[in-house]
Amino acid sequence: MITRQATHPAPNWRLVGPWYRWPRPALPADGRVSRPAIQKFAGDDFIKDFLAQPQRSLKYDETIDVVNGYQLAQAGSFAKKVLCMLPLTATGKPASKRVNEKGEVIDEPVYRARLAPTDLRKLYQPAHDRHYLVTCQLHCDEPGFPRVARQQVCQAGFVVRRRRPAKLPDGITAAMVTEQARAAQALAAKLHELLALDAAATDAQAGAGLRANALRQQELLAKDESQASWAALLADTREKLDKERRNLLDWYDKNGVGVEIDGWFPTLEDGKSSRIYGEWRHLGDSAQLGADPHAAGERHYPLFAVVPDPREAQHDAAGRTLYYGTVPTGGLEHDGSGLARFDELTTYEISCFVRQHHPCPPQVGKAPDCHGPVVWSLPTAAFRVAAPFDVLGSANRPITIKMPDLRELAAQAAMRPRGKLSPIRFVQPQHLSPKVKDKGADGGEMSGEAICSFSIPLITIIALFLLNLFLPIVVLIFNLWFLLVFRFCIPPQIQVAAGLDAALAVTPPKVDLDAEFSVEVEGLDTLVKPGDLHAALTSGGDSMKTRIRSDTGLDEDPAIDDLSNNSLGPIDQTLQDNAGRKADSAGNLPPPPPVGTPLVYEEAVAPVWPPAGAS
């Protein structure tokens, strides 16, 4: 079998990003070095919206739409206590509390993890109500940067490739790379905390006291760092972080620390590419990176032309050759070992390509219909995909499950439905029958074949009961009390505590709770000392111990005496937020707090250079 290859050189084309994503929109000098853009959307009709207004897509958030790393910060010590909820060693592994022969805690350095967002883009799943399109534009690389007419293109598509660390050069160790990135991680963690404080100052759901103290904290931080304003402090931190990241990249280049690029090649089944099985193969040189994907067998996806209504002279694609394609973020593809092609730990990039029409007669019914030369774009910015159950992503599409009304179920049971309301059927070759004694499991027996049918409301009730039953057990055994922050019930089972909790409730982020601090409570300055705050949180009739027992149903006090104020504070504040949402005098429950992030769109831009005619 002979595969025909191109017999004439590649055209003088350049496949670049869309003009509205160039630093100076539509200016040829900027466009020539631009990369295809990955645009973000929400809603299931995003393609229709894109075709109507290509440049109107969601803006990327610098803390939500990036892969989060962590930075280890020394927790310090407060009355010889472990200061963090999840104590770590200097290498980031869980640290266990050590005691000497006298039962005294050995004072060893303990670290805590701070979120340190990276500059690596994160793409969420369709289940998170986020969708992505890769967009690019085709030009002729000559004066005026004119567009290439769509009729000259035989095929347009893109590939998703994997980036992985290359073998480290001689003399460079993994520890050296980690140490080199430490400064950028510290600045990223600092910026993340500043942005959290910025969000607290403008959060409409927060109380007036919290917002006022957040603004007050902003003024103090700006003054401490000799900045003219809060905005100046944010800008300065961003500038320093950008500089450190550039320095890190320069160090990588100088020392030969790079990445390898792999392409995904489907397995051939009866001469056809499998939609399920495949493997990553290393693309070692420029010839392999720029090879014809159809001839090489690399998995590729189609790009579609944006064809505007000719009557819309101001359309974003008017007078331009613009393409788009849906970015895959999941699927069933996996290699021979069962490893999925797309996962949250792998870094990817997208490269787009177009194929010029070959002058020979087209092959009717073939894709592509000719074997003209292929022109590639630069790769997009690197990205990862979010896990299906990503906390931030899942919050974008809230789900409400209405639990069955026991009164209604009791009335329906009285009607003797005789199995008509039990549609979930289990066919059991061997029936496992547990025995219960004193409210606990007391053995069981295995019998013969059986068929059992259950009602969906019954399964739902038992499932929620088991969740509520095992949640306090898990947090008790592993001392993971911070998991309570991820649970929010209305109406709450707990009451708001008095005293220093009132000061803690209006304390904004970025305040060190293990140091002496001052906040404004109902118009009055309150000085909070760490020892007093810790005593209020861990002892007394309205301490966190009492409230956690009430909230989880535990019959013993949680072991929180060894935890610092910085660890206990967020849990206490969450319990107070929970307790603050009460039913009104008529018994109506308040609405739950909003979840997810608001939709913010990119600002519309106008071209600074008119489109040139097609070549």
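Because the structure is predicted, anything quoted here is derived from the model rather than measured. (Residues numbered from 1 in each chain as written. Predicted model: local features only at pLDDT ≥ 70, side-chain atom pairs only at ≥ 80, totals over all residues. Heavy atoms only, no water.)

A.B. asks: Can you walk me through the overall build of the protein chain in this structure?
C.D. replies: A count of helical and extended segments in the protein chain gives 15 helices and 20 strands. Overall, the C-alpha framework of the protein chain stretches about 85 × 75 × 60 Å when taken along its three principal axes. Only carbon and sulfur atoms are counted for the fraction: they give 56% of the accessible area of the protein chain, which is about 35,000 Å². Computed over 67 positive and 73 negative side-chain charges, the separation of the two mean positions in the protein chain equals 4 Å. (Helix = DSSP H or I, 4+ residues; strand = E, 2+ residues; numbered from the N terminus. Areas by Shrake-Rupley, 256 points an atom, 1.4 Å probe, with all protein chains shown as cover. Lys, Arg positive; Asp, Glu negative; His and termini not counted. Charge placed at Lys NZ, Arg CZ, Asp CG, Glu CD.)

A.B. asks: How should the packing of helix α4 (residues 182–202) against helix α5 (residues 208–224) be read in this particular structure?
C.D. replies: A packed helix pair is summarised by two numbers, namely the angle formed by the two axes and the spacing between the axes. Between α4 and α5, whose axes approach to 8 Å, the crossing angle comes to 140 degrees. It follows from the interaxial angle that α4 and α5 lie oblique. For the pair α4 and α5, the sense of crossing is left-handed. Residue-level contacts link Leu194, Leu197, Asp198, Ala200 and Ala201 of α4 to Arg211, Ala214, Leu215, Gln217, Gln218 and Leu221 of α5. Its residues placed into classes, the contact of α4 with α5 shows seven nonpolar, two polar and two charged. (Axes fitted to C-alpha atoms, helices over the stretch in contact; angles between N-to-C directions. Parallel < 35°, antiparallel > 145°, perpendicular 65-115°, else oblique. Left-handed = near helix turned anticlockwise from the far one by under 90°. Contact = heavy atoms within 4.5 Å. Nonpolar A, V, L, I, M, F, W, Y, C, P; charged D, E, K, R; others polar.)

A.B. asks: Help me understand the environment of Gln125, please; the structure alone is not making it clear to me.
C.D. replies: Looking at where Gln125 falls in the secondary structure, it is placed in the loop between β4 (111–123) and β5 (131–140). In contact with Gln125, other than residues within four places in its own chain, are Arg130, Thr329, Gly330, Ala386, Ala387 and Pro388.

A.B. asks: Even after reading the chapter, I still don't get helix α6 (residues 230–255), so can you show me in this structure?
C.D. replies: Residues lying three or four places apart along an α-helix face the same way, a consequence of the helix completing one turn every 3.6 residues. A rise of 1.5 Å per residue sets the reference length of α6, with its 26 residues, at 38 Å; its end C-alpha atoms lie 38 Å apart and thus fit the reference within 8%. Within the sequence span of α6, burial applies to Trp230, Leu233, Leu234, Asp236, Thr237, Leu241, Arg245, Leu248 and Trp251. For α6, the secondary structure elements touched by its buried residues are β4, α3 (174–180), α4 and α5. Positioned one or two residues after α6, Gly256 has a phi angle of 75 degrees, which is positive. (Expected span 1.5 Å × (residues − 1). Buried < 20%, exposed > 50% of the residue type's maximum accessible area, 1.4 Å probe, protein only.)

A.B. asks: Looking at this model, I keep getting lost on the state of the cysteines. Mind explaining?
C.D. replies: In protein chemistry, a disulfide is the covalent bond that joins the sulfur atoms of two cysteines. Tallied over the full model, the rule gives zero disulfides. Unpaired in terms of disulfides, Cys140 finds its nearest cysteine sulfur in Cys136, a separation of 16 Å. For Cys140, a relative accessible area of 9% corresponds to the buried category. (Disulfide = S-S within 2.5 Å.)

A.B. asks: Which parts of the structure should I look at to understand the pattern of salt bridges?
C.D. replies: By the definition in use, this model includes 28 salt bridges. One salt bridge connects Arg238 with Glu62, and the closest N-O pair in it is separated by 2.5 Å. Placement of the pair is Arg238 in helix α6 and Glu62 in the loop between α2 (46–52) and β3 (66–74), with a sequence separation of 176 residues. You can call Arg238 partly exposed: its relative accessible area is 29%. Judged by its relative accessible area of 38%, Glu62 falls in the partly exposed class. Glu333 is the partner of Arg341 in a salt bridge, and the nearest nitrogen-oxygen pair spans 2.9 Å. The class of Arg341 is buried, set by a relative accessible area of 1%. (Salt bridge = Lys/Arg side-chain N within 4 Å of Asp/Glu carboxyl O.)

A.B. asks: Would you mind showing me how to read the nonpolar core here?
C.D. replies: For soluble globular proteins, nonpolar side chains are generally found buried alongside one another. One finds Ile350 and Val354 to be the most contacted residues of the largest nonpolar core, which totals 32 residues. Broken down by secondary-structure element, the contributors of at least two residues to this core are β1 (13–16), β5, β6 (153–165), β12 (347–356) and β14 (383–385). The residues contacting Val354, other than those within four sequence positions of it, are Trp13, Leu15, Leu138, Val153, Gln155, Ala156, Tyr323, Pro373, Val374 and Val375. One finds Leu533, Ile548, Leu563 and Leu575 within the second-largest nonpolar core, a separate group that totals 22 residues. (Core = buried A, V, L, I, M, F, W, Y, C linked by side-chain atoms within 4.5 Å.)

A.B. asks: What exactly am I supposed to notice about the packing of aromatic side chains here?
C.D. replies: How two aromatic rings sit relative to each other is given by the distance of their centres and the angle of their planes. Counted under the stated rule, the structure contains 14 aromatic pairs. Each ring, one from Trp19 and one from Tyr20, has its centre 5.6 Å from the other, and the planes form 80 degrees; the classification is edge-to-face. With a relative accessible area of 3%, Trp19 lands in the buried category. A centroid spacing of 6.2 Å and a plane angle of 55 degrees characterise the contact between Trp22 and Phe145, whose relative ring orientation is tilted. Here Phe145 lies in the loop between β5 and β6 and Trp22 lies in the loop between β1 and α1 (28–31), a separation of 123 residues in the sequence. Summarising the burial analysis for this pair, Trp22 and Phe145 share the class buried. A network of ring pairs unites the aromatic residues Phe41, Phe46, Phe50, Phe304 and Tyr324 as a single cluster. Above the plane of the ring of Tyr601 lies Arg56, whose end atom (NZ or CZ) is 3.8 Å from the centre. Above the plane of the ring of Tyr60 lies Arg121, whose end atom (NZ or CZ) is 3.7 Å from the centre. (Phe/Tyr/Trp six-rings, centres within 6.5 Å; stacked < 30°, edge-to-face > 60°. Lys NZ or Arg CZ within 6 Å of the ring centre and 35° of its normal.)

A.B. asks: Honestly, unusual backbone geometry in this entry has me stumped. Any pointers?
C.D. replies: The phi torsion of most residues other than glycine is negative, and most of the peptide bonds are trans. Its identity is not glycine, yet Ala26 carries a phi of approximately 70 degrees, on the positive side. Relative to the elements of secondary structure, Ala26 occurs in the loop between β1 and α1. The backbone of Lys510 sits at a positive phi, close to 80 degrees, despite the residue not being glycine. For Lys510, the location among the structural elements is in the loop between α12 (500–505) and β19 (517–521).

A.B. asks: Please explain the pairing of β4 as it appears in this structure.
C.D. replies: Along a regular strand, successive side chains alternate from one face of the sheet to the other. Pairing analysis gives eight bridges linking β3 to β4, with the strands arranged antiparallel. Paired with Gln71 across the two strands is Arg114, which belongs to β4. Pairing analysis gives three bridges linking β4 to β14, with the strands arranged parallel. The residue bridging Lys122 from the neighbouring strand is Arg384, located in β14. (Pairing = 2+ DSSP bridges.)

A.B. asks: Hey, could you run me through the packing of α4 against α6 in this one?
C.D. replies: Here α4 crosses α6 at 155 degrees, and the two axes come no closer than 9 Å. Taken together, the axis directions place α4 and α6 in an arrangement best described as roughly antiparallel. α4 and α6 meet at a crossing whose hand is left-handed. Touching Ala183, Ala184, Leu187, Ala188, Lys190, Leu191, Leu194, Leu195, Leu197 and Asp198 of α4 are Trp230, Leu233, Leu234, Thr237, Arg238, Lys240, Leu241, Glu244 and Arg245, all from α6. Here the contact of α4 with α6 is composed, by residue class, of twelve nonpolar, one polar and six charged.

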